[in-house]
Amino acid sequence: MAAADSSSAALRRRDLCSRGIRLAGKMRSDVVDLLDTYVERQGLDASASVAVVEGVPVAAVERWDEQTGTQRLLENLAAYRAFRALLAQMLEEQREQLGEADAVLGRALAAVLLQVSAFAYHLEELLRLESRGPPSEEGAGPPPPSHLGLFERKLWGLGVLRELAQWAVRSARDLRQLTKPSPGSSLAPSPAESP
């Protein structure tokens, strides 16, 4: 009976990881499209350099290969919760600045915000499966610095979207890593569960 439960949990984990990889790929594709729309609608240069953006989680990580499955999931969940707040702020600002004049950008932002929310929920499900519930949310996340002028806010938004695209790549990579057996990951199948 325990072996059947363990096997069922392993199959569920693999299924969730596979679906998560597909969701991350779709989200990255949509974020890249949104980046193109954002640059065009905001009158920015696509090659504009944006420094590290305050309040935006950075996808790059040192010693990525040494992280456990739980660490990967928790970092991803924290990042997507932050992006959910950041995108909601961007959407609100876009509506305040342009009203419904730029419905294309508003719809694209709203669609990506929905995907980010769904992906965060997906990560919470993976954490529940691991018998470790997701941590509680600690507020809505940091708003963009209010001292920024209009142009700097546009660059801030560009930085948010670029980093979100990087997170989508990292998330797919993290979920692929979770499907592989590894001694450091509590989510990896045991040798008895491996195909």
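Rules behind the numbers
- Residues numbered from 1 in each chain as written.
- Predicted model: local features only at pLDDT ≥ 70, side-chain atom pairs only at ≥ 80, totals over all residues.
- Heavy atoms only, no water.
- Helix = DSSP H or I, 4+ residues; strand = E, 2+ residues; numbered from the N terminus.
- Buried < 20%, exposed > 50% of the residue type's maximum accessible area, 1.4 Å probe, protein only.
- Contact = heavy atoms within 4.5 Å.
- Expected span 1.5 Å × (residues − 1).
- Core = buried A, V, L, I, M, F, W, Y, C linked by side-chain atoms within 4.5 Å.
- Salt bridge = Lys/Arg side-chain N within 4 Å of Asp/Glu carboxyl O.

### Describing the side chain of glutamine 115
Within the secondary structure layout, glutamine 115 lies in helix 3 (residues 103-129). Exposure remark for glutamine 115: the relative accessible area of 19% places this residue in the buried category. When neighbours within four sequence positions are excluded, glutamine 115 is seen to be in contact with Lys26, Met27 and Asp30.

### Considering helix 3
Helix length check: helix 3 (27 residues) gives 39 Å between terminal C-alpha atoms against 39 Å at 1.5 Å per residue, within 8%. The first or second residue beyond helix 3 is serine 131, which carries a positive phi of 70°.

### Here we look at the nonpolar core
Within soluble globular proteins, side chains that are nonpolar tend to cluster in buried spots. Ranked by internal contacts, the top residues of the largest apolar core, which has 46 residues, are Tyr80, Phe83 and Leu87. The set of elements that each furnish at least two residues to this core consists of helix 1 (2-42), helix 2 (69-98), helix 3 and helix 4 (150-179).

### Remarks on the pattern of salt bridges
Counted according to the given criterion, the structure contains 10 salt bridges. For glutamate 125, the salt bridge goes to arginine 12, with nearest N and O atoms at 3.9 Å. Taken as a pair, glutamate 125 in helix 3 and arginine 12 in helix 1 lie far apart in primary sequence, 113 residues in all. Accessibility expressed as a relative area gives 34% for arginine 12, which makes it partly exposed. Of the charged contacts in the structure, one is a salt bridge between aspartate 30 and lysine 26, with a shortest N-O distance of 2.7 Å. With aspartate 30 and lysine 26 both in helix 1, this residue pair falls 4 residues apart, about one helical turn. Of the residues examined, lysine 26 reaches a relative accessible area of 46% and is grouped as partly exposed. Here the residues in one salt-bridge network are Arg12, Arg81, Glu124, Glu125 and Arg128, joined through shared partners.

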